[in-house]
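# Reading the structure
Listed below are the residues making up each chain.
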Amino acid sequence: MWAFFERLLDSSMFAPHGICLLWEPQLIWLHVASDVIIAAAYFSIPIALSIFVSKRRDVDFGWVFWAFALFIMACGVGHVMSIITLWYPVYGLEGIVKAMTAAASIVTAAMLWPLLPKVLALPSPSQLRAAEIALAQEGMYRREAEDMLRQSQKMEAIGHLTGGVAHDFNNLLTIISGNLEIADRCLHSWNDATRERLTRVIANAANGAQRAAMLTQRLLAFARRQPLDPKRTNVNQLIAGMSDFFRRTLGETIDLEVAGGADLWQVEVDPSQLEAAILNLVVNAKDAMNAEISGAMAGSGKLTIETRNISVDEGLQRNAGVPAGSMY
């Protein structure tokens, strides 16, 4: 084997390739310039492929790029050997380089042909654009469906409140109509005592009308979308004012406890939206109790609404995505 390589690398019996060109300078430098340019291109392509594969490790079939890089690099070395053999007849070394190039080409082709069906199955840019458009439309439809679902949940919650609201309106209308009847009787027997009584019953009727208007505003804010109107709000007073509303929503089998925090900070929020959010939580809690508790105690339980001041530490900041410090 060693003797074979010695004979292969022995160039003493050969003449350089430049003799075939009669050492014509124009022909020699034409070959040299062409081989230099081709070799430089062949050497730059594997570098570009290696950078691409190393930076984009998510690309499928990365090993094919490495095989192409090896094959093209061998081709570049072959052109360098063509330049050398113009002056030095190392044809045996050139043959070894060509044999290595042939081996690299066979390996690359052997890997490429089985891979061809998988490559053809990859989506084209137009297919990717069509899929992106379809995903965007699906996302839009999903958001619309979520909006419709939230709206339907609001309407369902309003359905749960219908009985209690009707009872509240009946009580308020009874207050208003009763005080108006008293005012009518007072007008027929006018004196100083009836004047004071008339003032009192008119105030009671106005108070009942104001409570009915507040109840209507809450229902409208809960049932429809409206622009935010943030203002400084006492959350304890807001929840206390809605406690009867919550109890009617929960029904008689679920106890409600409201634990208002002492010295609670005021918050800047849209009161109507906060009421709607808390009412949604109350309805969800009621549904959860109906779903999780079975048997004779179905739909029963206790709901606690608690308010307190919170200071966000670093651990809660990472989970909640809010800045650290006191929450006002």
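First things first, this report covers the structure right here in the doc. (Residues numbered from 1 in each chain as written. Predicted model: local features only at pLDDT ≥ 70, side-chain atom pairs only at ≥ 80, totals over all residues. Heavy atoms only, no water.)

### A word on the environment of D60
- Its place among the elements puts D60 in the loop between α2 (25-55) and α3 (62-84).
- Taking C-alpha positions, D60 is 9.6 Å from V119, a pair spaced 59 residues apart along the chain. (Helix = DSSP H or I, 4+ residues; strand = E, 2+ residues; numbered from the N terminus.)

### What about the nonpolar core?
- I239, F246, I278, V282, L303 and I305 are the most contacted members of the largest nonpolar core, which totals 18 residues.
- Counting only elements with at least two residues in this core, the list comes to α7 (235-250), β2 (254-259), α8 (271-292) and β4 (301-306).
- Broken down by element, the residue count for this core peaks at 7 residues, all from α7.
- Those residues in contact with I239, other than ones at most four positions away along the chain, are F246, V258, I278, I305 and T307.
- L21, I28, I83 and L86 belong to the second-largest nonpolar core, a separate cluster that totals 5 residues. (Core = buried A, V, L, I, M, F, W, Y, C linked by side-chain atoms within 4.5 Å. Buried < 20%, exposed > 50% of the residue type's maximum accessible area, 1.4 Å probe, protein only. Contact = heavy atoms within 4.5 Å.)

### Focus: the environment of S272
- Residue placement: S272 occurs in helix α8.
- Residue S272 is classed as partly exposed on the basis of its relative accessible area of 23%.
- A C-alpha to C-alpha distance of 9.7 Å links S272 and L238, two positions 34 residues apart in sequence.

### Brief notes about unusual backbone geometry
- In this structure, W23 is a non-glycine residue whose phi angle is positive, near 50°.
- If you trace the backbone, W23 turns up in the loop between α1 (2-9) and α2.
- By relative accessible area, which is 40% here, W23 ends up partly exposed.

### Points about α3
- When the terminal C-alpha atoms of α3 are compared, their 34 Å separation across 23 residues agrees well with the 33 Å that a helix rising 1.5 Å per residue should span.
- Inspection of α3 places G62, V64, A67, A69, I72, A74, C75, G76, G78, M81 and I83 among the buried residues, and these make up the whole buried set.
- Tucked into the core, α3 has its buried residues touching α2 and α4 (91-121). (Expected span 1.5 Å × (residues − 1).)

### Some details on the pattern of salt bridges
- Tallied over the entire structure, the rule returns 2 salt bridges.
- Among the ionic pairs, R142 bridges to E138, the shortest N-O distance being 3.6 Å. Of the two residues, R142 and E138 are both situated in helix α5 (residues 125-188); the distance of 4 residues between them amounts to about one turn of the helix.
- Judged by relative accessible area, E138 falls into the partly exposed class, the value being 43%.
- With a closest N to O distance of 2.9 Å, K302 and E257 form a salt bridge. You can see K302 sitting in strand β4 and its partner E257 sitting in strand β2, a full 45 residues away along the chain. (Salt bridge = Lys/Arg side-chain N within 4 Å of Asp/Glu carboxyl O.)

In short, the description is geometric, and any link to function would need to be established separately.
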